[in-house]
Amino acid sequence: MSFLYRSLDIVPQEIAQDVQVEDIPPMTVVSLGMRGGYSYDNYINGIAQLQAWLAEHPEYVVAGPPRRFFYDGPFVPDFLKRNDIQIPVEQR
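Every chain is numbered independently, its residues counted from 1 as its sequence is written. pLDDT decides what is reported in this predicted model: residues at 70 or higher carry local features, side-chain atom pairs at 80 or more are listed and counted, and totals for whole chains, interfaces and linings draw on all residues regardless. Calculated side-chain values reflect all of the structure's heavy atoms, with hydrogen atoms and water omitted.

Undergrad: Let's hear about the pattern of salt bridges: which residues, and what values?
TA: One side-chain nitrogen of Lys or Arg within 4 Å of one carboxyl oxygen of Asp or Glu is enough to make a salt bridge. In this structure the tally under the stated criterion is two salt bridges. Put simply, Lys 81 and Asp 78 hold a salt bridge, and the shortest N to O gap is 3.3 Å. Look at Lys 81 and you get buried, because its relative accessible area is 9%. Exposed residues in this analysis have more than 50% of their type's maximum accessible area, buried residues have under 20%, and partly exposed residues fall in between, with area computed by a 1.4 Å probe over protein chains only.

Undergrad: How would you sum up helix α1 (residues 40-56)? Please name residues and give values.
TA: Put simply, DSSP marks the helices as runs of H or I at least four residues long and the strands as runs of E at least two long, and each gets a number from the N terminus on. Helix span, as expected, comes to 1.5 Å for every residue beyond the first. With 17 residues, α1 ought to run about 24 Å at 1.5 Å a step, and its terminal C-alpha atoms sit 25 Å apart, in line with that. Every buried residue belonging to α1 is among Tyr 43, Gly 46, Ile 47, Leu 50 and Leu 54, and all of these are buried. Projected onto a plane normal to the axis of α1, the buried residues spread over an arc of 100 degrees and lie on a single side. Set apart from the buried face of α1 by more than 90 degrees, the exposed residues are Asp 41, Ala 55 and Glu 56. In what follows, a contact means two residues having at least one pair of non-hydrogen atoms within 4.5 Å. Elements in contact with the buried residues of α1: β1 (28-35), β2 (60-62), β3 (67-70) and β4 (82-91). This arc corresponds to the set of directions leading from the helix axis out to the C-beta atoms.

Undergrad: Hey, could you go over the nonpolar core for me, with residue numbers and the actual values?
TA: Val 30, Leu 32, Met 34, Tyr 43, Ile 47, Leu 50, Leu 54, Ile 85, Ile 87 and Val 89 together form the largest nonpolar core, which totals 10 residues. Going through the elements one at a time, β1, α1 and β4 are the ones with two or more residues in this core. Counting residues per element, this core draws most heavily on α1, which supplies four residues. Side-chain atoms within 4.5 Å link the members of a nonpolar core, which is a set of buried Ala, Val, Leu, Ile, Met, Phe, Trp, Tyr and Cys residues.

Undergrad: Pulling in residues and values, what's your account of the layout of surface pockets?
TA: Here the term cavity refers to a set of points on a 1 Å grid, laid over the protein atoms alone, in which a 1.4 Å probe fits but cannot get out; the term pocket refers to an open set having protein on both sides within 12 Å along at least five of seven lines, with lining residues being those that place an atom within 4 Å of a point. Grid points are joined across faces, edges and corners, and a volume is the space filled by probe spheres set on the points. Counted as a void, the largest pocket has a volume near 990 Å³. As for the largest pocket, its lining consists of 26 residues, of which Phe 3, Tyr 5, Glu 22, Asp 23 and Ile 24 are closest to the centre.

Undergrad: So what about the packing of aromatic side chains? Which residues, and what values?
TA: Think of it this way: a Phe, Tyr or Trp ring, Trp meaning its six-membered ring, pairs with another when their centres are within 6.5 Å, and the plane angle makes it stacked under 30 degrees, edge-to-face over 60, tilted otherwise. This model, assessed by the stated rule, comprises three aromatic pairs. Relative to Tyr 43, the ring of Tyr 40 has its centre 5.9 Å away and its plane inclined at 35 degrees; by these criteria the two rings are tilted. Placement of the pair is Tyr 40 and Tyr 43 together in helix α1, with a separation of three residues, close to one helical turn. Here, a charge over a ring is recorded when the distance from Lys NZ or Arg CZ to the ring centre is within 6 Å and its angle to the ring normal is within 35 degrees. Sitting above the plane of the Tyr 38 ring, Lys 81 keeps its charged end 4.9 Å from the centroid.

Undergrad: Can you break down the confidence of the model for the protein chain residue by residue, with the values?
TA: Fine structural detail should not be taken from predicted coordinates in areas where pLDDT scores are low. By definition, pLDDT measures how confident the predictor is in each residue, and it falls between 0 and 100. In the predicted model, the protein chain carries a mean pLDDT of 91, and 99% of its residues have values of at least 70. Model confidence for the protein chain, summarised as mean pLDDT per element, is weakest for β3 at 93 and strongest for β2 at 98.

Undergrad: Tell me about the environment of Leu 80, and name the residues and values.
TA: Within the secondary structure, Leu 80 sits in the loop between β3 and β4. The class of Leu 80 is partly exposed, set by a relative accessible area of 38%. Residues Leu 80 and Val 61 lie 19 residues apart in sequence; the distance between their C-alpha atoms is 32 Å.

Undergrad: Give me the side chain of Gln 86: which residues, what numbers.
TA: Among the secondary structure elements, Gln 86 is positioned in strand β4. Overall, Gln 86 belongs to the buried group, its relative accessible area being 11%. In this structure, Gln 86 is in contact with Val 29, Val 30, Ser 31, Leu 50, Pro 65, Pro 66, Arg 67 and Phe 69, ignoring residues within four places of it in sequence.

Right, dumping it as structure tokens:
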């Protein structure tokens, strides 16, 4: 599980013994904002859209595994849920 913070000054006040906190260096990503349920099919569709964009922009190469960010809890109806899919990239 990952969390994004707007500032480096924001840190958890308490960390459970079995939780590891790791800072990830800044990266460049291609990103797709999506609305709808958090199903695997929606994830695969989003990845396909990002891969199609990358195929049209050969100046970028994939630099890591995809990441997905979920913004709404389980009680939000699927049609209102928001998420982002990102693929880390580097310029060739």
